[in-house]
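# Architecture and fold: a report
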Amino acid sequence: MLRVAVCVSGGGTNLQHILDRIADGTVKNAQVVRVICNNPGAYALERAKKAGVEAVCVSPKSFASRDDFNKALLAGLKACSPDLVVLAGFLVAIPEEVILAFPNRIINIHPSLIPSFCGKGYYGLHVHEKVLERGVKVTGATVHFVDTGLDSGPILLQKAVEVKEGDTPEVLQKRVMEQAEWILLPEAISLIAQGRVVVEGRKTRILPEA
Ligand code: GAR
């Protein structure tokens, strides 16, 4: 059984889809053992509680320094012995010590087709604002492994989503979530739980079903 820790910051719709796909048996051999949230008011915490999953708040505001927060985040993760850490809308820069503690065992969902519209300043709704500003016709979402760079780790899954005339950032965000994010993230966990993902340098390879 793959032990999964999920880190969240806000609404937690991606978390909800992970929980739902595990509950309905679409994702097999995986279990969410802990949800860690940096924001005490986040609805994601409620979602975890409703699903009977342990939810822990680790807020930078509760610590005297960033270093203390980083240590607490690492301790909070290590305490539940995860095989996989999933960043499901975790809008905090992951400290290097956490990345180094879980090499190729942290995945992130990003709401664009990396390497477009990613890196510094590209998170949440801002990504969709930039997509609309640039006038691209196709966007999407990416699940990638987390390395010490920003949105630069090996890409695991991507899905394209059409940009439509008259889209607002909110409308586009919803379409990207519905058509890409909510599908890709559970699928990524399922593939890893089945032992079908191989990371080779900057790339990944998905092995055929056994
Ligand atoms: C999602 O759109 C996710 O892709 C994005 O934050 C949102 C969280 O929504 N993450 C990033 O922008 C990371 N760079 P949720 O809390 O409803 O899952």
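Residues numbered from 1 in each chain as written. Predicted model: local features only at pLDDT ≥ 70, side-chain atom pairs only at ≥ 80, totals over all residues. Heavy atoms only, no water.

### A closer look at the overall build of the protein
Scanning the protein from N- to C-terminus turns up 6 helices and 9 strands. Computed over C-alpha atoms, the radius of gyration of the protein comes to 16 Å, within 12% of the 17 Å expected from 2.2 N^0.38 for 210 residues, which places it in the range of a compact globule. Based on the C-alpha atoms only, the size of the protein along its principal axes is roughly 45 × 45 × 35 Å. Taken over 210 residues, the protein has a buried fraction of 48%. For the protein, restricting intrachain contacts to residue pairs at least 6 apart in sequence, the fraction spanning at least 24 positions comes to 64%. With an accessible surface of roughly 10200 Å², the protein has 52% of that area assigned to carbon and sulfur atoms. In the protein, the 24 positive side-chain charges and the 22 negative ones have mean positions that sit 1 Å from each other. (Helix = DSSP H or I, 4+ residues; strand = E, 2+ residues; numbered from the N terminus. Rg over C-alpha atoms; globule rule 2.2 N^0.38 Å. Buried < 20%, exposed > 50% of the residue type's maximum accessible area, 1.4 Å probe, protein only. Contact = heavy atoms within 4.5 Å. Areas by Shrake-Rupley, 256 points an atom, 1.4 Å probe, with all protein chains shown as cover. Lys, Arg positive; Asp, Glu negative; His and termini not counted. Charge placed at Lys NZ, Arg CZ, Asp CG, Glu CD.)

### As for the site of the ligand
Near the ligand you find 14 residues, and of these Gly12, Thr13, Asn14, Gly124 and Glu181 are the closest. Within the backbone of Gly11, an N or O atom sits 3.5 Å from an oxygen atom of the ligand. Its free accessible area being 450 Å², the ligand has 92% of it covered by the protein chains. Those elements that provide at least two residues to the shell around the ligand are helix 1 (13-23), strand 5 (106-110) and helix 6 (169-193). Residues that form the shell around the ligand fall into these classes: 6 nonpolar, 7 polar and 1 charged. (Near = heavy atom within 4 Å. Polar contact = N/O pair within 3.5 Å; in protein donor to acceptor, adjacent residues only side chain to side chain. Nonpolar A, V, L, I, M, F, W, Y, C, P; charged D, E, K, R; others polar.)

### Considering the packing of helix 5 (residues 125-134) against helix 6
One way to put it is that helix 5 packs onto helix 6 with a least axis distance of 9 Å and a crossing angle of 110 degrees. Overall, the two elements helix 5 and helix 6 adopt an arrangement that is roughly perpendicular. Both helix 5 and helix 6 take part in a crossing whose hand is right-handed. Across the interface between the two elements, Leu125, His128, Glu129, Val131 and Leu132 from helix 5 touch Pro169, Glu170, Leu172, Gln173 and Val176 from helix 6. Within the contact of helix 5 with helix 6, the residues separate by chemical class into 6 nonpolar, 2 polar and 2 charged. (Axes fitted to C-alpha atoms, helices over the stretch in contact; angles between N-to-C directions. Parallel < 35°, antiparallel > 145°, perpendicular 65-115°, else oblique. Left-handed = near helix turned anticlockwise from the far one by under 90°.)

### Thoughts on the side chain of Arg175
Of note, Arg175 is situated in helix 6. Overall, Arg175 belongs to the buried group, its relative accessible area being 11%. Here the side chain of Arg175 touches Asp167 through a polar contact of 2.7 Å, side chain to side chain. With residues up to four places along the chain from it excluded, the contact list for Arg175 reads Val161, Glu162, Val163, Lys164, Asp167 and Ala180.

### Let's talk about the sheet that holds strand 6 (residues 138-145)
Strand pairing in a sheet relies on backbone hydrogen bonds. The paired strands run either parallel or antiparallel. Pairing is mixed in the open sheet, where 7 strands are placed in the order 3-2-1-4-5-6-7. The sheet is open, and its two edges are formed by strand 3 (55-57) and strand 7 (155-162), each paired on a single side. When strand polarity is set aside, the average angle formed by the axes of neighbouring strands in this sheet is 20 degrees. The sheet contact formed by strand 2 (residues 30-37) and strand 3 spans 3 bridges and is parallel. (Pairing = 2+ DSSP bridges.)

### Focus: the pattern of salt bridges
This model, assessed by the stated rule, comprises 6 salt bridges. Measuring nitrogen to oxygen at the nearest pair gives 2.8 Å for the salt bridge that ties Lys71 to Asp67. With Lys71 and Asp67 both in helix 3 (residues 66-78), this residue pair falls 4 residues apart, about one helical turn. Classification of Lys71 by relative accessible area gives partly exposed; the value is 46%. Between Arg205 and Glu200 there is a salt bridge, with its nearest N and O atoms 2.9 Å apart. (Salt bridge = Lys/Arg side-chain N within 4 Å of Asp/Glu carboxyl O.)

### Here we look at helix 6
Helical periodicity: at 3.6 residues per turn, an α-helix aligns residues three or four positions apart in one direction. With 25 residues, helix 6 ought to run about 36 Å at 1.5 Å a step, and its terminal C-alpha atoms sit 34 Å apart, in line with that. Along its length, helix 6 reaches its greatest deviation from straightness, about 45 degrees, at Met177. Looking at the residues trailing helix 6, positive phi occurs at Gly195, about 70 degrees. (Expected span 1.5 Å × (residues − 1). Bend = angle between axes of the 7 residues up to and from the residue.)

### Points about unusual backbone geometry
Where the residue is not glycine, phi is negative for most of them; where a peptide bond is considered, it is trans in most cases. Ile114 connects to Pro115 through a cis peptide bond whose omega is 15 degrees. Take Pro115: it is sitting in the loop between strand 5 and helix 5. In the Ramachandran plot, Ser81 falls in the positive-phi region, its phi being about 45 degrees despite a non-glycine side chain. With respect to the element layout, Ser81 can be found in the loop between helix 3 and strand 4 (84-87). Notably, Asp151 is not glycine yet its phi reads approximately 55 degrees, a positive angle. Within the fold, Asp151 resides in the loop between strand 6 and strand 7.

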